Amino acid sequence: MMAAAGCASDHWGLAAQKVWLFLDYDGTLAEFSPTPETVTPDPAVIALIRRLADHPLRRVAVVSGRRLGDLQKLLPVASIYLAGVYGIELLTPSGEMIQRADLHEIRPFLARIKPRWQALIEGQEGFYLEDKGWALALHARFAEEDAAARVLSAARDLPDNAPLPDRVRFLEGRKFLEVAPSLADKGEAVAHLLKTYRWRGAKPIYIGDDDKDAPAFGVVRSKGGRAVQVSNPARQVTVEVDCVLESPAAAREWLDGLA
Ligand SMILES: [Mg+2]
């Protein structure tokens, strides 16, 4: 990570300007859940997002690796954009639901991989296989380092993975592996939202905490916006950001200043 200063409380003088906020959820708005499939709405987060959504100069999009259905439960807030599975599933403020990939195209591939990955983690401590419909994620957050490295590389190198259809990609992270449609990318998602739902003169700001947010940081910066990182020692971000907030609590406070 590049050394970046803390985020000033004057929010770059944006108080009286239109700001489109793109927000990651886990590790950014809320602290990490004990298991990836835990869906526990946080009343403080909901109230904050509602205040931002009601502000005439603010627009909110939440961009997450979680399924759209989970995001809807976590954020039952009207008039915001929700992007699930890294932007594959979108929900607009008008209630329109958009799927940006073809499930019939990806599902047979995932169905082939799933039992193989399941077999790799069978009887092993600390692993969790999450089926998101559009994607399969292998979490090893609570596994021993050696076991995690061994299982994840075996999962990555399965003979069944190749030849890959063009429309599939692997997302690799620390103690984490996911296979998803190639459009599953937070940078793609932000670029798509900015282009499709234009808001003239608005400054885009992206707030996220890990390597999967990095492409989106680049997109907002290329559009004259700002990248804000929430510090996450376990998952370093290696791209340049404008400033760093030390925790989800600090991120909520900073956002509260914009609301
Ligand atoms: Mg995150």
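The structure under discussion appears in the preceding block.
What comes next is a walk through the structure. For clarity, every value in this text was computed on a predicted model and none was experimentally measured. (Residues numbered from 1 in each chain as written. Predicted model: local features only at pLDDT ≥ 70, side-chain atom pairs only at ≥ 80, totals over all residues. Heavy atoms only, no water.)

1. Thoughts on the nonpolar core
Reasoning step 1: Counting 35 residues, the largest nonpolar core has Ile49, Leu75, Trp254 and Leu255 as the members making the most contacts within it.
Reasoning step 2: Looking at this core, the elements that each hand over two or more residues are strand S1 (19-23), helix H1 (43-54), strand S2 (58-63), helix H2 (68-74), strand S10 (203-208), strand S11 (226-230), strand S12 (243-245) and helix H7 (248-258).
Reasoning step 3: Top contributing element to this core by residue count: H1, with six residues.
Reasoning step 4: Dropping the residues within four chain positions of it, Trp254 is found in contact with Cys7, Ala8, His11, Trp12, Ile205, Ile207, Val228 and Leu245.
Reasoning step 5: Of all hydrophobic cores here, the second largest spans 32 residues; its members include Tyr86, Ile88, Ile121 and Leu129. (Core = buried A, V, L, I, M, F, W, Y, C linked by side-chain atoms within 4.5 Å. Buried < 20%, exposed > 50% of the residue type's maximum accessible area, 1.4 Å probe, protein only. Helix = DSSP H or I, 4+ residues; strand = E, 2+ residues; numbered from the N terminus. Contact = heavy atoms within 4.5 Å.)

2. A look at the sheet that holds strand S9 (residues 176-181)
Reasoning step 1: Across the sheet, which stays open at both edges, the four strands sit in the order S6-S7-S9-S8 with antiparallel pairing between neighbours. Strand pairing shows two members of the sheet lacking a second neighbour, strand S6 (128-131) and strand S8 (168-173), which therefore form its edges. On average, each strand axis in the sheet is tilted by 15° relative to the strand beside it, whichever way the strands run.
Reasoning step 2: Where strand S7 (residues 136-139) and S9 come together, four bridges link them in antiparallel fashion. Its bridge partner lying in S9, His139 is registered against Phe176.
Reasoning step 3: The sheet contacts of helix H4 (residues 145-156) involve S7, S8 and S9, and relative to S9 the element is tilted by about 20°. (Pairing = 2+ DSSP bridges. Axes fitted to C-alpha atoms, helices over the stretch in contact; angles between N-to-C directions.)

3. Focus on the state of the cysteines
Reasoning step 1: Inspection of every chain in the model, using the stated rule, returns one disulfide.
Reasoning step 2: In this model Cys7 forms its disulfide with Cys243; the gap between the sulfur atoms is 1.9 Å. Its S-S torsion of about 95° marks the bond between Cys7 and Cys243 as right-handed, since a negative value means left-handed. Here Cys7 is found in the segment before S1, whereas its partner Cys243 is found in strand S12, with 236 residues between them in sequence. Here Cys7 and Cys243 have matching classes, each one buried. (Disulfide = S-S within 2.5 Å.)

4. Section: the sheet that holds S2
Reasoning step 1: In spatial order, the strands read S5-S4-S3-S2-S1-S10-S11-S12; together these eight strands make up an open sheet with mixed pairing. Among the strands making up the open sheet, the edge pair consists of strand S5 (97-99) and S12. If you compare each strand with its neighbour and ignore which way they point, the axes differ by 20° on average.
Reasoning step 2: Relative to strand S4 (residues 89-91), strand S3 (residues 81-84) runs antiparallel, the two sharing three bridges. In the sheet register, Ala83 faces S4, and the bridge partner there is Leu90.

5. A short note on the coordination of the magnesium ion
Reasoning step 1: Around the magnesium ion, the protein contributes the donor atoms Asp24 (OD), Asp26 (O) and Asp209 (OD), which lie 2.1 to 2.2 Å from the metal centre.
Reasoning step 2: Each donor residue of the magnesium ion lies on the same chain, and together they follow the pattern D-x1-D-x182-D. Taken together, the residues span a long stretch of sequence, with Asp26 in the loop between S1 and H1 and Asp209 in the loop between S10 and helix H6 (214-222) at a distance of 183 residues. (Donors = N, O, S within 2.8 Å, 3.2 Å for Na, K, Ca; no water.)

6. Some details on helix H3 (residues 103-121)
Reasoning step 1: An ideal rise of 1.5 Å per residue puts 27 Å on 19 residues; H3 measures up with 25 Å between its terminal C-alpha atoms.
Reasoning step 2: Residues Ile106, Phe109, Leu110, Ile113, Trp117 and Ile121 constitute the buried set of H3.
Reasoning step 3: On its buried face, H3 sits against S6, S7, H4, S8 and S9.
Reasoning step 4: Taking the backbone nitrogen of His104 as reference, a side-chain oxygen 3.0 Å away marks Asp102 as the first, capping residue of H3.
Reasoning step 5: Of the residues flanking the end of H3, it is Gly123, one or two places downstream, whose phi is positive at about 75°. (Expected span 1.5 Å × (residues − 1). Polar contact = N/O pair within 3.5 Å; in protein donor to acceptor, adjacent residues only side chain to side chain.)

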